[in-house]
Amino acid sequence: MRNFVYFMHKINQAEIQQYADALADEGWFVIQDFVDEQFSKQLLEIVSETRFNQNFRRAGIGAGADYQLNNKVRGDFIHWISPHPSEPVLQEWINVMTILRSGLNRELFLGLQDIEMHMAIYPSGTFYQRHLDQFNERSNRIISVVLYLNQHWEPGMGGELVIYRDAAEPVTVDPHAGTLVCFLSDKIEHEVMQTHVERFSITGWMLRKPVGLGFL
Ligand code: OGA
Ligand code: MN
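Any details on the coordination of the manganese ion (ligand 2)? Residues and values, ideally.
Taken together, the protein ligands of the manganese ion (ligand 2) are His131 (NE2), Asp133 (OD) and His190 (NE2), with distances of 2.1 Å. Donor residues for the manganese ion (ligand 2), ordered by position in the chain, follow H-x1-D-x56-H. Taken together, the positions of aspartate 133 in the loop between β5 (128-131) and β6 (141-148) and histidine 190 in strand β10 (residues 190-192) put the pair 57 residues apart, joining distant regions of the chain. Take histidine 190: its relative accessible area is 4%, and that puts it in the buried class.

Lay out the site of ligand 1 with the relevant residues and their values.
With respect to spatial proximity, the complete set of residues near ligand 1 consists of Tyr128, His131, Asp133, Val146, Tyr148, Leu161, His190, Val192, Arg199, Thr203 and Trp205. Between ligand 1 and the protein, one listed contact pairs an oxygen atom with a side-chain N or O atom of histidine 131 at 3.1 Å. For ligand 1, the protein covers 98% of the area, taking 290 Å² as the surface of the free molecule. Applying the majority rule of atoms within 2 Å of the grid points places ligand 1 in the largest pocket. Elements with a contribution of two residues or more to the shell around ligand 1: β5, β6, β10 and β11 (199-207).

Cut-offs used in this document
Residues numbered from 1 in each chain as written. Chains lettered and ligands numbered in written order. Predicted model: local features only at pLDDT ≥ 70, side-chain atom pairs only at ≥ 80, totals over all residues. Heavy atoms only, no water. Donors = N, O, S within 2.8 Å, 3.2 Å for Na, K, Ca; no water. Helix = DSSP H or I, 4+ residues; strand = E, 2+ residues; numbered from the N terminus. Buried < 20%, exposed > 50% of the residue type's maximum accessible area, 1.4 Å probe, protein only. Near = heavy atom within 4 Å. Polar contact = N/O pair within 3.5 Å; in protein donor to acceptor, adjacent residues only side chain to side chain. Areas by Shrake-Rupley, 256 points an atom, 1.4 Å probe, with all protein chains shown as cover. 1 Å grid on protein atoms, 1.4 Å probe; cavity = no way out; pocket = protein on both sides within 12 Å on 5 of 7 lines; lining within 4 Å. Sits in = over half its atoms within 2 Å of the grid points.

Shape is all these values report; function is a separate question.
Next up, the structure:
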């Protein structure tokens, strides 16, 4: 049994309020050291084990010509996290995201009912072109959340997240372990710059359940 260290930082109401204000005003926010080194290392260990067990797949690929096309859009490998993972540290991360989700619901009345999350590995040389996370009218992704896991990221290693804004310069987020970024899935265009080292993260979406069957 792995020694498990809990996420110690208790998210309080004042913080939730700040996050909600940032989302409402700017559509995004970034927090460095949202989780401490021990916690992000434990998550990274799970990512390594998952890779060792060959459970990563190319993200959103087709076959043949589609594969080429997809390579030009995004180059990451992903593994969807079970809603009831056997690893305590993953369960803990789900719990933290759930607290954040209910807090944001309370402040912003977003009707967020669920979460989906995957681990991601960007091999050296890969990127994800500028995009929105809500890619069709039926998408129920409302809020995107990314936690970075690279323990020794330095300038020059690449893989920065660029957040595009309507009336201001883009913002660049360094993918340091422990940094959390959160943004509105349907409003904020973003891009992962080409990385020159393997880049590790956990990406999640807070979901609004589609109402009915989508006929309206
Ligand atoms: C995504 C994405 C951003 C990042 O998975 O849709 O844009 O910084 N990820 O990993
Ligand atoms: Mn995205």
